[in-house]
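Examination of the molecular architecture
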Amino acid sequence: MSVNGSKLAGSVDEKLPYLNLNIQNCYPAQAVVLIDGGGMKPQAVSWLGKQVGFNQNLLSVHNLSSFIAWSNNNL
């Protein structure tokens, strides 16, 4: 599980492409990304969520409330 949070707008969402590539190429197992806080651009989070179909190690991308629902159904 990878957790990323930000309360302020800035460079955190710019790190999501790196996170995606790192999960794809370096993680030894599938990963769930949990993003919380209001500082990330919605487009950046949406882009990362769309990478689930292309990155076999990226299992899902969630905020806290969607993660709780997803984990109750999938874990």
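First, a word on what this report is: a plain description of the structure on this page. A quick note: this is a predicted structure, and the numbers were derived from the prediction, not measured.

1. Regarding the overall build of the chain
- Across its full length, the chain holds 3 helices and 3 strands.
- Across the chain, helices and strands are ordered from the amino to the carboxyl terminus as β-α-β-α-β-α.
- Burial analysis of the chain (75 residues in total) assigns 35% to the buried set.
- Excluding contacts between residues fewer than 6 apart, the proportion of contacts in the chain whose partners are at least 24 apart in sequence is 76%.
- Accessible surface computed for the chain: about 4900 Å², of which carbon and sulfur atoms make up 56%.

2. Structural notes on the packing of helix α1 (residues 16-26) against helix α2 (residues 42-50)
- Between α1 and α2, the shortest axis-to-axis distance is 10 Å and the interhelical angle comes to 15°. By the criterion of interaxial angle, the relationship of α1 to α2 is roughly parallel. Seen along the crossing, α1 lies across α2 with a hand that is right-handed. Residue-level inspection shows Leu16, Pro17, Leu19 and Asn20 of α1 in contact with α2, the latter providing Ala44, Val45, Trp47 and Leu48.
- When grouped by side-chain class, the residues that make up the contact of α1 with α2 number 7 nonpolar, 1 polar and no charged.

3. Side note on the nonpolar core
- Listed in full, the 11 residues of the largest apolar core are Leu16, Leu19, Ile23, Ala31, Val33, Ile35, Met40, Ala44, Leu48, Leu58 and Val61.
- Of all the secondary structure elements, the ones that give two or more residues to this core are α1, β2 (31-36), α2 and β3 (58-62).

4. Thoughts on the environment of Leu58
- On the secondary structure map, Leu58 appears in strand β3.
- Taking the relative accessible area as the measure of exposure, Leu58 reaches 2% and is therefore buried.
- Expressed as a C-alpha distance, the spacing of Leu58 and Leu48, which sit 10 residues apart in the sequence, is 9.3 Å.
- Excluding anything up to four places from it in sequence, Leu58 contacts Asn20, Ile23, Ala31, Val33, Leu48, Gln51 and Val52.

5. A look at the environment of Lys41
- Considering the arrangement of structural elements, one finds Lys41 in the loop between β2 and α2.
- For the pair Lys41 and Glu14, spaced 27 residues apart in the sequence, the C-alpha separation amounts to 9.2 Å.

Rules of the game
Residues numbered from 1 in each chain as written. Predicted model: local features only at pLDDT ≥ 70, side-chain atom pairs only at ≥ 80, totals over all residues. Heavy atoms only, no water. Helix = DSSP H or I, 4+ residues; strand = E, 2+ residues; numbered from the N terminus. Buried < 20%, exposed > 50% of the residue type's maximum accessible area, 1.4 Å probe, protein only. Contact = heavy atoms within 4.5 Å. Areas by Shrake-Rupley, 256 points an atom, 1.4 Å probe, with all protein chains shown as cover. Axes fitted to C-alpha atoms, helices over the stretch in contact; angles between N-to-C directions. Parallel < 35°, antiparallel > 145°, perpendicular 65-115°, else oblique. Left-handed = near helix turned anticlockwise from the far one by under 90°. Nonpolar A, V, L, I, M, F, W, Y, C, P; charged D, E, K, R; others polar. Core = buried A, V, L, I, M, F, W, Y, C linked by side-chain atoms within 4.5 Å.

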